[in-house]
Each structure stands twice: as structure tokens, then as C-alpha cells.
Amino acid sequence: MLVNLISDTVTQPSEGMLEAMFSAQVGDDVFKEDPAVNAFEEEVSTLFGKEAALFFPSGTMANQTAIKLHTQPGEQLICDHYAHVYNYEGGGVSFNSGVSCKLIQGERGKITAQQIEASINPPDFYHSPKTSLVCLENTTNKGGGAVYDIETIKSINHLCGQKGLALHLDGARLWNALEVTGEDPKLYGALFDTLSLCFSKGLGCPIGSVLVGSKLQMQEALRIRKVFGGGMRQAGYLAAAGSYALKHHRKDLKLDHQKAQEIAAVLNTCSFVEEVQPVETNILIFSLKQGLDEAAFIQKLKENNILIIGLGKGKLRMVTHRDYTAEHHHYLLTTLSKMEEYA
Ligand SMILES: *Cc1c(COP(=O)(O)O)cnc(C)c1O
């Protein structure tokens with residue numbers, strides 16, 4: 001038995017998903033002639049109450065396309081200093097769009113309208129880069145799966161409207177946030193110009209992200225995706241997986257959240273643990289008591305067939321997912337309890 005908690009991207013497609021993929025009706029999506037892709041894009045745009053959607057091979061490409069869509073070279077976007085678009089997209093913001101990032105020290109990856117307002121460069125002060133875009137992330141990745149309060153987003157949406165800034169959501173794990181809050185995706189569709197959504201995280205697809213926005217924006221996004229090399233041919237096999245996940249996997253996210261809570265509860269009783277950050281969804285970040293070596297701890301777990309990752313600066317991370325079974329869960333909790341001698 002191997003318990004892999006390094007990310008929620010390690011899942012294998014379920015049997016039902018594979019069957020849905022096998023039976024997909026496909027065509028050449030570069031000519032927009034793949035019925036499964038077209039149906040999936042419509043399904044997602046309808047879910048969010050947006051005009052159009054576009055299927056992408058990765059969340060990174062969906063985010064990078066959105067950033068290119070909303071900016072001109074030399075301009076600046078505003079995001080939290082933990083943001084995926086800033087930290088984990090290979091410097092794409094500057095490489096692809098010629099844009100810089102104004103970073104905000106938010107709370108667990110979340111920022112407020114006041115913080116954003118203070119970070120906007122004066123529009124007529126031509127010495128500084130022109131601020132044109134705000135990027136939020138929900139749930140936050142480096143922030144430990146934290147969920148935005150909808151009121152915060154509403155005030156950010158209001159500010160962006162006032163200041164003429166575009167607002168993009170990196171919603172790689174928005175499904176997890178929606179599971180916790182029970183909010184209607186349409187509410188999110190109404191508050192953001194564009195949203196990216198991952199299907200290869202908690203929803204368990206092998207690949208795939210979707211960008212939603214207006215019809216005009218998605219026409220332009222199609223061109224940008226082409227430039228980025230993201231045109232796909234019979235991608236309907238992959239879109240069929242996404243469509244299946246929406247219908248059959250989405251409801252299971254609450255199990256991932258429950259298990260993360262239960263792991264946190266056990267870690268909180270372990271003498272070798274210094275702090276467990278609040279667990280809101282499926283990401284759990286914790287630290288060891290001073291003097292304990294993270295690398296040795298990770299190695300010790302590995303010897304017990306449990307994989308987790310270190311985030312640096314003394315932080316360790318576990319991410320629950322649909323292939324982390326009840327049996328894995330039981331084994332992990334017992335192993336952690338038995339690691340007392342480690343301290
Ligand atoms: C995973 C993730 C992405 C996209 O990652 P890809 O590996 O390119 O699909 C984007 N934003 C956040 C917050 C993520 O966690």
C-alpha cells in the first residue's frame with residue numbers, strides 16, 4: 001500500500017470516467033469540430049452563467065491566457081505574494097505577457113479590497129506601470145486551501161469596477177471552495193471577468209482546465225491559446241472526463257475535506273507537531289517542533305509508504321484526494337500516532 005498525499009493531482013481516472021472517455025464522440029477541436037469539447041465548454045459556461053468557455057491542457061495555460069487577455073506589455077497585475085500565477089507558472093506573467101506583479105502580503109493567500117486599492121498605481125502617473133488586472137485565487141494553494149468570504153470578493157469586484165481593472169480568478173480549486181460554502185457557481189461567474197477551473201485536481205481527471213468569460217474574450221483566448229501551442233485535436237476524450245467528473249466526482253470532495261480535518265485533529269495531539277494551520281478544505285499545512293528535521297521526518301514517513309512534501313521554511317504539506325481511501329486514512333492516522341517516539 002502506498003499513501004500518496006503530495007497533491008490532489010496524483011489520482012487515477014475512475015472506471016466510470018474511463019468508460020465515458022472511451023465512448024466520447026470526438027472531432028478536430030482546432031477546427032472547433034469536436035462535439036464532446038463543444039458540449040463540455042457549454043456545460044461549464046452555463047454552470048457559471050457566462051457566455052463562453054475554452055478547454056485548456058493545463059491550469060497554467062488557462063491563467064496565462066487570461067493574463068494575456070487582460071493586459072498589455074509593461075502593465076502590472078496585483079496578486080497575493082503566495083499566488084500561483086506569480087510563484088508556480090515559471091515566470092510566465094513576464095515571459096508571456098511582459099507584465100509585472102505587485103505583490104500583497106495577504107492572509108493565507110487572500111487579499112482585501114483595501115490592500116488592493118493601496119497597491120493601484122495612479123493611472124495618470126506615467127512613471128509607474130499601469131495597473132490593469134487583479135488576480136485572486138480560491139481556494140489558495142500556498143495559503144493552505146483557504147476559502148474566500150464572498151463579501152470580500154464582492155468588495156474587490158466593486159473596487160475593480162470603479163478603477164477600471166479586470167478581475168480574474170485562478171479557480172484551480174474553486175470546486176473545493178464551492179463544496180464548503182454551498183455557493184452557486186453563477187455568483188462567481190457574475191463577480192469575475194474570467195475564471196479558470198482545474199479538472200485534474202480534486203475532480204480526478206487526467207488532464208484539463210477550463211477558462212470561462214464573455215464570448216468576445218473566449219474568441220480572443222482561442223487565438224492566444226493557439227500562440228501558446230495549446231490547440232488540441234481529438235481532445236473530446238479529455239473533455240468527456242471533465243464532464244463525467246462534474247456529474248459524478250464533484251459531490252465526493254466533501255470526503256476529502258472531512259479526512260483532512262481528521263488528520264489535523266490527530267496531528268494536533270502529536271508531540272512532534274508545533275502547529276497545524278487551520279484546515280478549510282483538502283490542504284493541510286503543519287510544522288514540526290523546533291529542532292526536528294523536516295527532511296528526516298518526510299523520509300521516516302516514506303519508509304512507512306506515506307508520501308508528503310515539504311514547502312520549505314519548516315512547513316510540511318498533505319493534500320487529500322479521491323484516491324486517498326478510507327483504508328489509507330486509517331493507516332495514516334495509526335502511523336502518525338505511533339510516531340511519538342520520533343519526537
Ligand atoms: C494546480 C494549480 C494551477 C494549475 O496548475 P497546472 O498544473 O498548470 O494545471 C493553477 N493555480 C493553482 C492555485 C493551482 O493549485
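Quick caveat, the model's predicted, so the values are computed rather than measured.

> Explain the state of the cysteines here, please?
Here is the idea: a disulfide is a covalent bond, and it sits between the sulfur atoms of two cysteines. Taken as a whole and judged by the stated rule, the model has 0 disulfides. The cysteine Cys 135 is free of any disulfide, with Cys 79 supplying the nearest cysteine sulfur at 6.4 Å. Its relative accessible area of 4% is what places Cys 135 among the buried residues. Cys 198 takes part in no disulfide bond, and the closest cysteine sulfur, belonging to Cys 205, lies 10 Å away.

> Please clarify how the sheet that holds strand β9 (residues 273-276) should be interpreted in this entry.
In sheet architecture, strand pairing relies on hydrogen bonds along the backbone and comes in two forms, parallel and antiparallel. Taken in spatial order, the 4 strands line up as β9-β10-β13-β12 in an open sheet, and their pairing is antiparallel. A single partner strand is all that each edge strand has here, and the edge strands are β9 and β12 (309-312). For this sheet, the mean inter-axis angle between neighbouring strands, taken without regard to orientation, is 35 degrees. Alignment of β12 against strand β13 (residues 315-319), held across 3 bridges, turns out to be antiparallel.

> Just checking my understanding: could you explain the domain arrangement of the protein chain for this structure?
How big an interface is tends to be reported as the loss of accessible area on association of its parts. Looking at the assigned domains, one finds that the protein chain contains domain 1 (3-8 + 252-342) and domain 2 (14-249). One C-alpha centre belongs to domain 1, the other to domain 2, and the line joining them spans 29 Å. Across the domain 1/domain 2 interface, buried area totals approximately 1600 Å², and carbon plus sulfur atoms make up 44% of it. Between domain 1 and domain 2 we count 10 residue pairs in polar contact (both at pLDDT 80 or more) in total. Elements with a contribution of two residues or more to the side of domain 1 that touches domain 2: α12 (253-267), β10 (283-288) and β13. The dominant element in the side of domain 1 that touches domain 2, judged by the number of residues it contributes, is α12, at 3 residues. For the side of domain 1 that touches domain 2, the residue count by class is 4 nonpolar, 5 polar and 7 charged.

> I would appreciate a short explanation of the packing of helix α3 (residues 59-70) against helix α10 (residues 215-227) in the present structure.
When two helices pack together, you describe them by how their axes are tilted relative to each other and by the distance separating the axes. Contact geometry of α3 with α10 gives a least axis separation of 9 Å together with a crossing angle of 115 degrees. Between α3 and α10 lies a crossing whose hand is right-handed. Together, Met 61, Thr 65, Lys 68, Leu 69 and His 70 of α3 and Gln 217, Met 218, Glu 220, Ala 221, Ile 224 and Arg 225 of α10 make up the contact between the two elements. Along the lines of polarity and charge, the residues of the contact of α3 with α10 split into 5 nonpolar, 3 polar and 3 charged.

> How should the packing of aromatic side chains be read in this particular structure?
The geometry of an aromatic ring pair is captured by two quantities: the separation of the ring centres and the angle between the planes. Counted according to the given criterion, the structure contains 7 aromatic pairs. Summarising the aromatic geometry, the rings of Phe 40 and Phe 199 are spaced 5.0 Å apart at their centres and angled 70 degrees between planes, so their arrangement reads as edge-to-face. Separated by 159 residues along the polypeptide, Phe 40 in helix α2 (residues 35-47) and Phe 199 in the loop between β7 (194-198) and β8 (209-213) bring together distant segments of the chain. Taking 5.3 Å as the distance between ring centres and 45 degrees as the angle between the ring planes, the aromatic pair formed by Phe 272 and Phe 297 counts as tilted. Of the two residues, Phe 272 sits in the loop between α12 and β9 while Phe 297 sits in helix α13 (residues 294-303), which places them 25 residues apart along the sequence. Summarising the burial analysis for this pair, Phe 272 and Phe 297 share the class buried. In this structure an aromatic cluster arises from ring pairing among Phe 40, Phe 48, Phe 55, Trp 175 and Phe 199. Directly above the aromatic system of Phe 56 lies the positively charged group of Arg 225, at a separation of 5.9 Å from the ring centroid.

> Mind showing me how you'd approach the site of the ligand here?
In the vicinity of the ligand there are 13 residues, among which Gly 59, Thr 60, Asn 141, Asp 170 and Lys 201 approach most closely. For the ligand, an oxygen atom lies 2.5 Å from a polar atom in the side chain of Thr 60. Here a nitrogen atom of the ligand sits 3.4 Å away from a polar atom, N or O, in the side chain of His 84. When the ligand is considered free in solution it has 380 Å² of accessible area, and contact with the protein chains removes 83% of it. For the shell around the ligand, the element with the highest residue contribution is α3, accounting for 3 residues. Split into classes, the residues belonging to the shell around the ligand amount to 2 nonpolar, 6 polar and 5 charged.

> Even after reading the chapter, I still don't get the nonpolar core, so can you show me in this structure?
Generally speaking, a soluble globular protein has its nonpolar side chains buried in company with each other. Judged by nonpolar contacts, the single largest core of 48 residues is most densely connected at Leu 136, Tyr 188 and Phe 199. Ignoring any residue separated from it by four or fewer positions in sequence, one finds Tyr 188 in contact with Phe 48, Asn 138, Tyr 148, Ile 150, Ile 153, Leu 169, Leu 174, Leu 178, Glu 183 and Leu 195. Val 3, Val 276, Phe 297 and Met 339 belong to the second-largest nonpolar core, a separate cluster that totals 26 residues.

> Teacher, can you tell me more about unusual backbone geometry here?
A negative phi holds for most residues other than glycine; trans holds for most peptide bonds. Of the consecutive residues Asn 138 and Thr 139, the connecting peptide bond is found in the cis state with omega at -5 degrees. When you line up the elements, Thr 139 lands in the loop between β5 (131-137) and α7 (150-163). The backbone of Arg 108 shows a phi angle near 50 degrees, a positive value even though the residue is not glycine. With respect to the element layout, Arg 108 can be found in the loop between β4 (100-104) and α6 (113-119). Residue class for Arg 108 comes out buried when judged on its relative accessible area of 15%. A positive phi angle is found at Asn 305, which is not glycine, with a value near 65 degrees.

> Explain the pattern of salt bridges here, please?
Pairing is possible between side chains that carry opposite charge, provided their charged atoms lie close to one another. Inspection of every chain in the model, using the stated rule, returns 10 salt bridges. When the shortest N-O distance is used, the salt bridge between Asp 8 and Arg 173 registers 2.8 Å. One end of the pair, Asp 8, is in the loop between β1 (3-4) and α1 (15-22); the other, Arg 173, is in the loop between β6 (166-171) and α8 (174-181), and 165 residues separate them in sequence. For Asp 8, a relative accessible area of 0% gives the class buried.

Reading guide: rules and limits
Residues numbered from 1 in each chain as written. Predicted model: local features only at pLDDT ≥ 70, side-chain atom pairs only at ≥ 80, totals over all residues. Heavy atoms only, no water. Disulfide = S-S within 2.5 Å. Buried < 20%, exposed > 50% of the residue type's maximum accessible area, 1.4 Å probe, protein only. Pairing = 2+ DSSP bridges. Helix = DSSP H or I, 4+ residues; strand = E, 2+ residues; numbered from the N terminus. Axes fitted to C-alpha atoms, helices over the stretch in contact; angles between N-to-C directions. Domains from an automatic or database assignment. Buried area = accessible area lost by both parts, 1.4 Å probe. Polar contact = N/O pair within 3.5 Å; in protein donor to acceptor, adjacent residues only side chain to side chain. Nonpolar A, V, L, I, M, F, W, Y, C, P; charged D, E, K, R; others polar. Left-handed = near helix turned anticlockwise from the far one by under 90°. Contact = heavy atoms within 4.5 Å. Phe/Tyr/Trp six-rings, centres within 6.5 Å; stacked < 30°, edge-to-face > 60°. Lys NZ or Arg CZ within 6 Å of the ring centre and 35° of its normal. Near = heavy atom within 4 Å. Areas by Shrake-Rupley, 256 points an atom, 1.4 Å probe, with all protein chains shown as cover. Core = buried A, V, L, I, M, F, W, Y, C linked by side-chain atoms within 4.5 Å. Salt bridge = Lys/Arg side-chain N within 4 Å of Asp/Glu carboxyl O.

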